[in-house]
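These are the residues of each chain, in order.
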Amino acid sequence: MMDRTQVKMQLNCCKSWGCKNFGLTASADYQPLSYHLGYPALYCAECGSYPPLIDNQLVTQLIAEKLPQQFPQTMDQCPNGCDLTTLKRPQRYGLTSAGRQRLRCRHCLKVYTPTKPATAALLHTLAEHLTQSLNATTSIQRLGITSKRYYQLLHEFALLLGRYTRQLEQQFAPKELLAMQTEGHVLAFAGGLRLWLLTSSEATSGYQLMSTHNLSELSEPDAHYQNKADNRLTTFADAPLTEALKRRYQQLMNRYHFEDLQYGPSPCWRRHYLIQPSLVTYAHFQMLRSITDSAHHLHHYLEQESCMRGAAIMGSIERIREKQAEVFYLFAHPDRQTAFLADGRAVGWWRDRWFSTPFGGYCPVTERSHYRYPFQMRDIQTNQHYFEYLDTHFPRTLKSLTPINDHLLIQRCRYNLVTQANRVAPASYLKMPVFKHLQELVQAALSDYQQAISPLSHSEIR
């Protein structure tokens, strides 16, 4: 599991499949800094590739900031921030003079008394307000609390759900083959504000495993988004599949460098900074390892985006070498007439080999002669369903980082585990508990937490 305090990474290496230096962070064939193509790159003399340089330190700082958001620390967890990804319950360690349970961290051995949660009635009322999509002002008035207390309650609510669902995921996530689909999306807010969201879901169920956005407290100028014109790849729905792929590769070549993803202009956020999507992508796939390490085999199904390709490779490079992980591009396209030959068709500057499918095409980035688990997809639109859900349910007036993080966490949990009128909850495909209402999910999370901090019974003491 990842320790957020000691992330040691080297993300700069040859990422060309088939090169002897693929994934090697040190090689005599490397020229560590080259501007031959007009951007800072590492040059691999063996294959002639120029992968853009990634700032390891900036990615490390992003992970340190965003990992606690992905693996929430509830009030029973160590104040030193231990066990963020292992999710191990602290050890019960006697009672205070007032009869409250003391806990001891299993990692650093710190002894502490957990904070009491908000009352169940207050949490259930907030759940009802969120289900009704009430704005913060109306919810504050109905709850009869101050604005400050409301956002504290919202944060506590998010941590409670987030921690509980992470525990369920550890128990029910696929252990043999974990296939994940990863795509980006732009969330629009009031006043023209926009942020970029990257999400990875379990590919069969559509269960959202991790979402990472590019709004941050990181003040380092080199990390900031440049607000350039939108250069995301076009579908070219009117063109045949092969022609559409050729045009998309040309769009990649027209960028400053092929990992330089831009999603268009956005006004500056007050007190916060937008980060380059490529840096966020590398951080995302490093954090994703905290989920994927427990699976025996991995499949990454990626939007056709170069920075996702590089980040997915570096997030599972050891597993790829051991033939325990594969990386694929996906492309959803309406052309149902084009059928490639059985051995695929090489397309683009890199001669990537594409295969036609009923939904469009896919490309094995790690192109082996034999796969232990073949490529398979149930629904290529699983992440799009989630984006449509967010576009409907996510509050657009938010302007601060913590409430945005809290709402994203709450909506991820609700989408995954709560049955909606027009769809089955993704958790049901993984045989996880499913809840009829958000209030039921809150009650389950609260009961689990209260059990963890309640004093030991006499039988447990013995």
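Because the structure is predicted, anything quoted here is derived from the model rather than measured. (Residues numbered from 1 in each chain as written. Predicted model: local features only at pLDDT ≥ 70, side-chain atom pairs only at ≥ 80, totals over all residues. Heavy atoms only, no water.)

1. Section: the pairing of strand β7 (residues 194-202)
Among the 9 residues of β7, 9 are classified as buried, and the element is accordingly described as predominantly covered. Burial along β7 is two-sided: the residues R194, W196, L198, S200 and E202 and L195, L197, T199 and S201 are all buried. In this sheet, β7 lies alongside strand β6 (residues 177-188) in antiparallel orientation, the contact comprising 9 bridges. Note that in β7 the partner of E183 across the bridge is T199. Where β6 folds back onto β7 in an antiparallel hairpin, the turn is made up of 5 residues, including G191, whose phi is positive at roughly 80 degrees. (Buried < 20%, exposed > 50% of the residue type's maximum accessible area, 1.4 Å probe, protein only. Helix = DSSP H or I, 4+ residues; strand = E, 2+ residues; numbered from the N terminus. Pairing = 2+ DSSP bridges.)

2. Quick notes on the side chain of N416
Structurally, N416 is set in helix α10 (residues 401-417). For N416, the residues in contact, after removing those within four places along its chain, are G206, Y207, Q208, A425, P426 and A427. (Contact = heavy atoms within 4.5 Å.)

3. Side note on the pattern of salt bridges
If you walk through the whole model with that rule in mind, you get 13 salt bridges. Put simply, E169 and R412 hold a salt bridge, and the shortest N to O gap is 3.2 Å. Of this pair, E169 sits in helix α4 (residues 147-172) while R412 sits in helix α10, and the two are 243 residues apart along the sequence. Salt-bridge contacts for E305 lead to R255; the nearest nitrogen and oxygen are separated by 2.6 Å. Of the two residues, E305 is situated in the loop between β11 (297-303) and α7 (306-315) and R255 in the loop between α5 (241-253) and β10 (273-274); the sequence distance between them amounts to 50 residues. The buried category is assigned to E305, whose relative accessible area is 2%. (Salt bridge = Lys/Arg side-chain N within 4 Å of Asp/Glu carboxyl O.)

4. Some details on the sheet that holds β11
If you trace the 8 strands from one edge of the open sheet to the other, you get β8-β7-β6-β11-β12-β15-β14-β13, paired in mixed fashion. Lying at the two open borders of the sheet, with one neighbouring strand each, are β8 (208-213) and β13 (345-347). Neighbouring strand axes in the sheet, compared pairwise and without regard to direction, differ in orientation by 30 degrees on average. One ladder, built from 6 bridges, connects β6 with β11; its direction is parallel. Bridge pairing in β11 links Q181 to Y301. In the packing of helix α9 (residues 382-393) onto the sheet, contacts are made with β6, β7 and β8, and the angle to β6 comes to roughly 35 degrees. (Axes fitted to C-alpha atoms, helices over the stretch in contact; angles between N-to-C directions.)

5. A few points about the packing of aromatic side chains
By the definition in use, this model includes 22 aromatic pairs. On the basis of an interplanar angle of 50 degrees and a centroid distance of 6.3 Å, the ring pair of F359 and F375 is categorised as tilted. Separated by 16 residues along the polypeptide, F359 in the loop between β14 (352-357) and β15 (360-364) and F375 in the loop between β15 and α9 bring together distant segments of the chain. Ring centres 3.9 Å apart and planes at 5 degrees place the aromatic pair Y362 and F375 in the stacked group. Within this pair, whereas Y362 is found in strand β15, its partner F375 is found in the loop between β15 and α9, the two being separated by 13 residues in sequence. Taken individually, Y362 and F375 each receive the classification buried, so the pair is uniform in this respect. Pairwise contacts between aromatic rings join Y301, F328, F355, F359, Y362, Y371 and F375 into one cluster. The ring of Y256 has K228 sitting right over it, with the charged end atom 5.3 Å from the ring centre. One Lys or Arg, R423, reaches over the ring of Y415 and ends 4.1 Å from the middle of that ring. (Phe/Tyr/Trp six-rings, centres within 6.5 Å; stacked < 30°, edge-to-face > 60°. Lys NZ or Arg CZ within 6 Å of the ring centre and 35° of its normal.)

6. Let's talk about unusual backbone geometry
At S133, a residue that is not glycine, the phi angle is positive and equals roughly 60 degrees. By secondary structure assignment, the location of S133 is in the loop between α2 (120-131) and α3 (136-143). Relative accessible area serves as the criterion here: at 46%, S133 is assigned to the partly exposed category. If you check the backbone angles, K431 has positive phi at about 60 degrees while not being a glycine. Of note, K431 is situated in the loop between α10 and α11 (438-453).

7. What about α3?
Turning to α3, its buried residues are S139, I140 and L143. One face of α3 carries all of its buried residues, which in axial projection span an arc of 100 degrees. Facing away from the buried side of α3, by more than 90 degrees, are the exposed residues T137, Q141 and R142. For α3, the secondary structure elements touched by its buried residues are α2 and α4. Put simply, N135 is the residue that caps the front of α3, since its side-chain oxygen is 3.3 Å from the backbone nitrogen of T137. (Arc of directions from axis to C-beta. Polar contact = N/O pair within 3.5 Å; in protein donor to acceptor, adjacent residues only side chain to side chain.)

8. Section: the layout of surface pockets
Estimates place the volume of the largest pocket at around 760 Å³. Forming the walls of the largest pocket are 31 residues, and the residues nearest its centre are S16, S49, F258, W349 and W350. Broken down by class, the residue content of the lining of the largest pocket amounts to 17 nonpolar, 6 polar and 8 charged. (1 Å grid on protein atoms, 1.4 Å probe; cavity = no way out; pocket = protein on both sides within 12 Å on 5 of 7 lines; lining within 4 Å. Points joined across faces, edges and corners; volume = space filled by probe spheres on them. Nonpolar A, V, L, I, M, F, W, Y, C, P; charged D, E, K, R; others polar.)

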